[in-house]
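Okay, here's what each chain looks like letter by letter:
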Number of protein chains: 2
Amino acid sequence: MEKYMIGIDVGGTNTVAGLVSTQGEIVDKCTFLTQRDMAPEDQRDKAPVYFDEYMENLYKCIDHLIANMPKDGELAGIGLGAPNANYFNGLIFDAPNLHWIDRTSGKRQLTCHIVKLIKEHYSSLRIAVAMTNDANAAAMGELYYGGGRSLVHKDLIEVTLGTGLGSGFISNGDIVYGHNSFAGELGHIVVVPDGRLCGCGNSGCLETYGSATGIVRTANQLLASSKWRDTSKLREIINNQKREISCKDVGDAANAGDELALETLDITARYIGLGIATAVAITAPKKVFIFGGPTKMGEVLLKPIRKYFNKFVLNNFRDTEIVFSELPDDAAVMGAAALAANEVKKLGLD
Amino acid sequence: MEKYMIGIDVGGTNTVAGLVSTQGEIVDKCTFLTQRDMAPEDQRDKAPVYFDEYMENLYKCIDHLIANMPKDGELAGIGLGAPNANYFNGLIFDAPNLHWIDRTSGKRQLTCHIVKLIKEHYSSLRIAVAMTNDANAAAMGELYYGGGRSLVHKDLIEVTLGTGLGSGFISNGDIVYGHNSFAGELGHIVVVPDGRLCGCGNSGCLETYGSATGIVRTANQLLASSKWRDTSKLREIINNQKREISCKDVGDAANAGDELALETLDITARYIGLGIATAVAITAPKKVFIFGGPTKMGEVLLKPIRKYFNKFVLNNFRDTEIVFSELPDDAAVMGAAALAANEVKKLGLD
C-alpha cells in the first residue's frame, strides 16, 4: 500500500486540502471558504462562520479526499498549516485573520482545538495529525518535496517574503519549535536598534526592511529624498497612475534598470543578507531557501542578498547556498502534507 | 548495572578525564599534559608531543578509569570536548592551540582522528564515543547536569564568555550541529555592521563587544574619552599599578560603583542582550544560560543583559529566562560526559 497524506492550508479566505502521494503529487484537491465575511458577497450564505460549521466543512472535505483515494493507497497522516498554530497543543489561538464564532457564547472563538477534533473524528483510522504555522510548513515542504530533497544533512532555513517576513528552521530533520512552538521568527530579529516601527510593537525588526511591505517603505523613503525626486519610473506611477507603488512595481523598475529601484533592493538585500548570515551562524544549514512574491523579481534581488550574506557571514559558513524556493505549486498544501509525512515518521507509523 | 560515562576535556595545557555517574558525580579523575610545549619547564620531557604519544597517554588514562569502575557500574560511553572538534567525522582539524606532531612526517598533525582511534582501541566494549567543541559540550552538560535538568522541552542556549564568546544550542534534546558540525557561532553574528575588527576577519561580531576581551576594549575606549579621563578606579590601576586593566578589574570596579565600569557593562550588556534576543527569536528556548569568568561579576552584568534582552526580544518570547550557568565544577568534563550520555541514548544503548 502506498502512503498518502492530506495537507490542509487554513487561509483567511479559503481552506485548501490536497491528497498528496509519496512522490509529492497532489492527486485530488478540495477547497471551501474559511469564513463568511471573507467570502465574495454572493457566496456569504454558503461560507461557515461558526467554528463548528467550519469543522463540519473540513470533515466533508477530508471525507471526500479519503473516498477518492487511489486503489493501492491508504491515508497515513493529516497535516495543517495555519496562522498562530501551535504544534505542541494542536490549537490555533487568537489568529488575527480568523474570526470564527463560538455557537454557544455567540462570541469570537479565540481557542480552536483543531487537531484534537480531527483526531477524535477520525479515531477509527490509524493516522498521524499535526499542525504548525505556514512558514514552518513551507520549510518542511521544501525538505520533502522541494530543493531540500537532495540534502545529506537535513538542515535548512526557509525565509518567506510577503506582507511580513516569516521563517522556518529545520535542524536534524525536524522543525525547530522551541519551548513554545513559536521559534523561527527571523522577521523579528532587530537589525536596526530603534529603527522602523514594526507591527509587533518593537522597532527595527528585519520584517520592516526585508518584507514586501518593507521594500515599498524603502522605495517611498528614497522617493521623498531630493536625490531621487524626479528621475525614477516609480515617480511616474505615482504621478500618472495616481496610485501607491507596490513591491512588484519596484521589482519591475529594477529589472528595467531604474536606479532608485535598484538602490531600494540593495538596501533591502543588505538587511536580508545580514539576517540570513545571522541565522546561518546559529543553525549552519547547507541551503537557505527564499520563498514568496518578491522572488519573482529574480536575480535583481538574489544577487545583492548573496553579496551582503558573504559580507556578514563567518568565513567558514560561506559555502551555504542562498537560493529561491523550489516548492511546487500549492506550496502551502504541500508543506502541510510534508508535516504530516514527518509526523508519521516520528510516530513510527511508516 | 549503573551506566557510567567518561568525559574528556582536551585543553591546550591539560587533558582531564572524569568517570561520571548517572547522577552527575565525578567518581574518579585523571589528568595529563596535552602537549610538551605547554607544560611547565621541568615537566616538558614527560609531556607528549607526538600525536601517537598523546593517544597512548589518553588510553592509559581511560584504562585507569575503567579499572577503578565501581562494582555495580559499567562504562556506556566516552565523550570528548575539544577545540575545532567535528561531531560528524570525529576529528579535530587544525586547532590553533594544539600542536601535536605526526611521527612519520615530523610535521604538525593537522587532522587528528581521535574518535576513530578510541573506537578501534576499545572495539571489544559496547560503548558510544562522540566528540564536539567546548561550547556544545557545555550546553549538553547544562541539559544533563545543570540548570537544564528541569526543562519540559529540551531546548536551551548556552553562552560562554571568555577570551571569545562561544555558544551551544540544544533543540529537541540534541545539539544543533548544522551541516558542517560548526553551528552555534553566536559570537560571530554581526551586531555592528563595519564595527570592531574581529579575530575571524570580519567586523562588528558580537564577540568583539561581549567577550571578556571585548569588555576590556570597551573600558579602554571609555578611558580614552575626555568625559571619563580621570575619575575612574580603572585609571588608578593603569597609573599606579602600571599594568593593563583586566575584565575582572572592570567587574570589581562596577561592583564598587565606578561609573565608567558600570557604563562599560551597560554597553556590553546591550550587545549581549541583542545577541540573545536574536538567538531566542530563532530557537525559542525557555532558558538561556551564561557561563564563564565574567559571570563572577554577578547582577551588575546580568541585570543590564536582561534589560536589553527585554528591549530587543519579540513580545511573546519575554518569558525566556536568562540565568547564569548551574554547571558544577569541572564543567568541561561534565559537558563531555553529557555528550556521551546523549550519544548512548541516540544509539539506543541505554
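Residues numbered from 1 in each chain as written. Chains lettered and ligands numbered in written order. Predicted model: local features only at pLDDT ≥ 70, side-chain atom pairs only at ≥ 80, totals over all residues. Heavy atoms only, no water.

Chemist: Before we move on, could you go through the state of the cysteines and cite the residues and values that matter?
Modeler: Residue and element names in this part refer to chain A. Inspection of every chain in the model, using the stated rule, returns 2 disulfides over all chains. For Cys-30, the disulfide goes to Cys-61, at an S-S distance of 2.4 Å. With Cys-30 in strand E3 (residues 26-33) and Cys-61 in helix H1 (residues 51-67), this pair connects stretches of sequence that are 31 residues apart. A single burial state applies to Cys-30 and to Cys-61, both of which are buried. (Disulfide = S-S within 2.5 Å. Helix = DSSP H or I, 4+ residues; strand = E, 2+ residues; numbered from the N terminus. Buried < 20%, exposed > 50% of the residue type's maximum accessible area, 1.4 Å probe, protein only.)

Chemist: I'd love a proper account of the pairing of strand E8 (residues 128-132) of chain A, names of residues and values included.
Modeler: Residues and elements named next belong to chain A. Of all the 5 residues making up E8, 5 are buried; the element is thus mostly covered by neighbouring parts of the structure. Covered by surrounding structure in E8 are Ala-128, Ala-130 and Thr-132 together with Val-129 and Met-131, the residues of both alternating faces. Note: strand E4 (residues 73-81) against E8, 5 bridges, orientation parallel. In the sheet register, Leu-80 faces E8, and the bridge partner there is Met-131. (Pairing = 2+ DSSP bridges.)

Chemist: An account of the pattern of salt bridges is needed here, citing residue identities and associated values.
Modeler: It is possible for side chains of opposite charge to pair when their charged atoms get near one another. Enumeration over the complete set of coordinates arrives at 27 salt bridges over all chains. For Glu321(B), the salt bridge is made with Lys287(B), and the minimal N-O distance between the two is 4.0 Å. Taken together, the residues Glu321(B) in strand E13 (residues 321-324) and Lys287(B) in strand E12 (residues 287-292) connect sequence positions 34 residues apart. Classification of Lys287(B) by relative accessible area gives buried; the value is 15%. Put simply, Lys286(A), Lys287(A), Asp319(A) and Glu321(A) are held in one network by salt bridges that share partners. (Salt bridge = Lys/Arg side-chain N within 4 Å of Asp/Glu carboxyl O.)

Chemist: Mind laying out the nonpolar core, listing which residues take part and the relevant values?
Modeler: Counting 116 residues, the largest nonpolar core has Leu234(A), Ile276(A), Leu234(B) and Ile276(B) as the members making the most contacts within it. Setting aside residues no more than four positions away along its own chain, Ile276(A) makes contact with Val159(A), Val288(A), Ile290(A), Ile305(A), Phe309(A) and Ile322(A). (Core = buried A, V, L, I, M, F, W, Y, C linked by side-chain atoms within 4.5 Å. Contact = heavy atoms within 4.5 Å.)

Chemist: Describe the relation of the copies chain B and chain A, listing the residues and the values that go with them.
Modeler: With an RMSD of 0.0 Å, chain B superimposes on chain A once it is rotated by 180° and translated 0.0 Å along the axis. Here the two chains are linked by the operation of a two-fold rotation axis. Most of the interface of chain B is mirrored in chain A, where 100% of its interface residues again form contacts. (Least-squares fit on C-alpha atoms with pLDDT ≥ 70 in both.)

Chemist: Mind laying out the sheet that holds strand E7 (residues 111-112) of chain B, listing which residues take part and the relevant values?
Modeler: All names here are of chain B. The 3 strands are arranged E5-E6-E7 in an open sheet whose pairing can be described as antiparallel. Looking at strand neighbours, the two that pair on one side only are strand E5 (85-86) and E7, the edges of this open sheet. Taken together, the 2 bridges between strand E6 (residues 91-93) and E7 define a ladder with antiparallel strand orientation. Bridged to Ile-92 within E7 is Cys-112.

Chemist: Got a sec to walk through the sheet that holds strand E3 (residues 26-33) of chain B? Specific residues and values, please.
Modeler: Residue and element names in this part refer to chain B. The strand order across the open sheet built from 5 strands is E3-E2-E1-E4-E8, with neighbouring strands paired in mixed fashion. What marks the edges here is a single partner per strand, and that holds for E3 and strand E8 (128-132). Geometrically, the sheet is characterised by an average inter-axis angle of 20° between neighbouring strands, direction not taken into account. Here strand E1 (residues 2-10) pairs with strand E4 (residues 73-81) via 8 bridges, running parallel. Note that in E4 the partner of Gly-7 across the bridge is Gly-79. Against the sheet, helix H1 (residues 51-67) touches E1, strand E2 (14-20), E3 and E4, its axis set at about 160° to E3. Sheet contacts for helix H2 (residues 114-121): E4 and E8; angle to E8, the most-contacted strand, approximately 165°. (Axes fitted to C-alpha atoms, helices over the stretch in contact; angles between N-to-C directions.)

Chemist: So what's going on with the confidence of the model for chain A? Residues and values would help.
Modeler: Looking at chain A, pLDDT values average 95 and 98% of them are 70 or higher. Two summary scores accompany this predicted model of the complex, namely pTM at 0.95 and ipTM at 0.94. (pLDDT = per-residue confidence, 0-100.)

Chemist: Tell me what's going on with the interface of chain B and chain A, and back it up with residues and numbers.
Modeler: Between chain B and chain A, the contact holds 44 residues from the first and 44 residues from the second. Carbon and sulfur atoms supply 57% of the area that chain B and chain A bury against each other, a total of about 3600 Å² over both sides. The largest share of the area that chain B buries against chain A comes from His179(B), Ile282(B) and Leu314(B), three residues that together contribute 20% of it. Linking chain B with chain A are 4 salt bridges. Between Arg270(B) and Asp194(A) there is a salt bridge, and its shortest N-O distance comes to 3.9 Å. Applying the counting rule to chain B against chain A returns 22 residue pairs in polar contact (both at pLDDT 80 or more). Of all elements in the fold, only strand E10 (165-171), strand E11 (174-175), helix H8 (259-283) and helix H9 (299-312) of chain B reach the threshold of two or more residues within the side of chain B that touches chain A. Top contributing element to the side of chain B that touches chain A by residue count: H8(B), with 7 residues. Tallied by class, residues from the side of chain B that touches chain A come to 22 nonpolar, 14 polar and 8 charged. (Buried area = accessible area lost by both parts, 1.4 Å probe. Polar contact = N/O pair within 3.5 Å; in protein donor to acceptor, adjacent residues only side chain to side chain. Nonpolar A, V, L, I, M, F, W, Y, C, P; charged D, E, K, R; others polar.)

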